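Here is how the chains run, residue by residue.
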Amino acid sequence: MNREWEDAHKVTEELVEGPPSRRANATLTPCPSGNYLWCIGGEFFSDDGKAYFYNDVYRYNPDKDEWRKFVSPTCPGPRSAHAVVASAAGGGKLFLFGGEFSSLHQNTFHHYRDFWCFDISTHSWDRLDTKIRPSARSGHRMAMWKHYIVLFGGFYDPGHRTQYLNDTWVFDTQEYKWRQIEFKDIDRKPSARSGFSFLSTPEGIVLHGGYCKEYTKGKRPVGVMLEDTWIFQFLLPIPLQLVHSMSLETSQSSTISSDSLGLKWERRKQPSFAPHIRSGCTMGLWSAKSIGVLFGGVTDEDRDEESLESVFWNDLYGYQLVGNGRWQSMVLKKPKKAFKAGKRKAAAVQQESEFSDGDDAVKTQEAKNTEQDPDVNPDDPILTAPIPRYNAMLAVLRNTLYIYGGIFERGSREYTLDDFYSIQLDKLERYTCLKHSGIVIPAEGDEISSDDDDEGVESDEDGDSDSETRSGEDDAVLNKKLDDTQDVEEVDEPVDVLVSARMIIIKYHDVRAQATAFMGISKDTARSAEDVISTPEPGETLALFYARSREYWTQKAHGVSDNRGKQLRRDGFSFAEERYAEYKPILEEVEKILAEAGLDEDEMRAGATQAGGGGGIVSSRNRR
């Protein structure tokens, strides 16, 4: 028994050549028990419209400039836009919550609400199943304060409208319990948002910025960049006996009053100097100095339905977390040798002064600096800066900032980057490129073929593509076989054999592949009204299915029978029951997939009532 358990939980470790393949919205987390970085998950969208989601775990050792990959059979499912927080307790642990997933062809999309713990000493994953936990979401943030994990915000996209969240949850790592913090209506708290900075300090947890969309009836949604700053404070020292008594009193409740724990949100005043408003720029924590480090981001000017002008940044700022908070521009030191600043060619960095104190904000920069102007000092440290980007993954180890990947846009094209940089924050002399990107971004106005842009996508993912395509074809054939038997007026004993044969066909064609294909079909907005009403949805019971399709089945029974009244309704129910039985194996497998995503039965049923919305992954991708 022990050997079987060990085999099922065996972790393999592999030395890899460099950083992970191209991806965005992964997490880069400093190790709490050593000088390492941990990179988990992420997403990559190829130019041919395919979506690749990852669940791999990488560790970077800066002392050796070495990447290692850890594979565990019990790891979380592939995802992006999740949240990870580190704890030094018990030899070091990483806690992961939520995120999102899309199938290869983007016809299936869901959010996760599962909660995991990665043991750094054993490199193994454990799923933490609690009855009470936050709802499914992406783009949220978590931070550690003493032995509490605080989770805030994020978004949930059921397919028709993105719902941004502003709920606050606390997880006690000693009791392993989640509690939602309730605030009074008069209490001030941050508005709903995602993609914000969330950094722990001795005083509490600082929240800054973020992104959301405003929905006005009759108008298109408008993206909103946020620049407010808040601090979440634990004001009262709580005696152990009081904590214990409160946990007993609230053991059956998912919420707890903010007053009882002395919790409070407080908005900080906007300082006189601050970076230009932007989104897509989550800060990394420089704990040695209690400074949040901000790099890059994007400023969108949403003028009208036809145009969206974006300015991408590669500047560096620090935010003093203690006290009232203060911004400082982290400008690279100029070389001691004086030189004459001449004109630069179009392919060089263009700068414009944004602030009166001399801070420079990079507005545009080509991905490939070619020949440099002879009047430009080649030792100028600004030439070592990464190209502008948003959603870069940042982490600070000791006094060094590490920057991995991110996204840059040129026109309608989106470029996922895979370069890797570092800079010593206590010196600010120059950036060090630890891994160059092979991605070529054309000059503005130029167009190039995108055939070679999809490097980093593993060959086995192409196999997944073929498998999913085949499963879609099989599903179409199977549905035709099922539909061909719908209008049989009279059947006798062989019907049981026929049903069994159908079950065998379903199992033969891989129920998981069928379920994945069905999830995509069930959200297809091009489906006919008859197909929608006559097909059960994931999470829908037979009673719910018949309740919404009663008229359809009654009319179908009326067309093949002379019965009336109660007997006609019974005939209609028999048709519905037969249809439901045909789809039941697929529906059960779909529910397994959704359960793996952390969704409970109520949320599955809620999803069933929203079927046909579609478009979740598109809305999600356009987030900042």
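Residues numbered from 1 in each chain as written. Predicted model: local features only at pLDDT ≥ 70, side-chain atom pairs only at ≥ 80, totals over all residues. Heavy atoms only, no water.

## Description of the packing of aromatic side chains
So, point 1. Taken as a whole and judged by the stated rule, the model has 42 aromatic pairs.
So, point 2. Both rings, one in W116 and one in W125, keep their centres 6.3 Å apart while their planes meet at 90 degrees; by these two values the pair is edge-to-face.
So, point 3. Taking relative accessible area as the criterion, W116 reaches 9% and is therefore assigned buried.
So, point 4. Taking NZ or CZ as reference, R59 lies 4.4 Å from the ring centre of Y36, over its face. (Phe/Tyr/Trp six-rings, centres within 6.5 Å; stacked < 30°, edge-to-face > 60°. Buried < 20%, exposed > 50% of the residue type's maximum accessible area, 1.4 Å probe, protein only. Lys NZ or Arg CZ within 6 Å of the ring centre and 35° of its normal.)

## Things to note about the confidence of the model for the protein chain
So, point 1. For the protein chain, the average pLDDT comes to 78, and 69% of its residues sit at 70 or higher.
So, point 2. Of the regions scoring below 50 in pLDDT, residues 339-371 engages in 68 contacts with residues more than four places distant in sequence or in other chains.
So, point 3. Taken together, the stretch residues 609-622 has pLDDT below 50 and engages in 34 contacts with residues farther than four places along the chain or on a different chain. (pLDDT = per-residue confidence, 0-100. Contact = heavy atoms within 4.5 Å.)

## Looking at the nonpolar core
So, point 1. Grouped together as the largest cluster of nonpolar side chains are 18 residues, with contacts concentrated most on V293, L316, L401, I403, I423, L425 and Y431.
So, point 2. Of all the secondary structure elements, the ones that give two or more residues to this core are β20 (291-302), β25 (393-397), β26 (400-410) and β27 (413-424).
So, point 3. Looking at this core element by element, the count peaks at three residues for β20.
So, point 4. A143, Y148, V150 and L207 belong to the second-largest nonpolar core, a separate cluster that totals 17 residues. (Core = buried A, V, L, I, M, F, W, Y, C linked by side-chain atoms within 4.5 Å. Helix = DSSP H or I, 4+ residues; strand = E, 2+ residues; numbered from the N terminus.)

## Regarding the pattern of salt bridges
So, point 1. A complete count under the given rule lists 15 salt bridges for this structure.
So, point 2. The residue R278 makes a salt bridge to D315 at a minimum N-O spacing of 2.8 Å. Of the two residues, R278 is situated in the loop between β18 (263-267) and β19 (284-286) and D315 in strand β21 (residues 308-320); the sequence distance between them amounts to 37 residues.
So, point 3. For R278, a relative accessible area of 5% puts it in the buried group.
So, point 4. D419 is paired through a salt bridge with R389; the nearest N and O atoms lie 2.7 Å apart. Residue D419 is found in strand β27, and its partner R389 is found in the loop between β24 (360-364) and β25; the two are separated by 30 residues along the sequence.
So, point 5. A single salt-bridge network, built from bridges that share partners, covers E13, E66 and R68. (Salt bridge = Lys/Arg side-chain N within 4 Å of Asp/Glu carboxyl O.)

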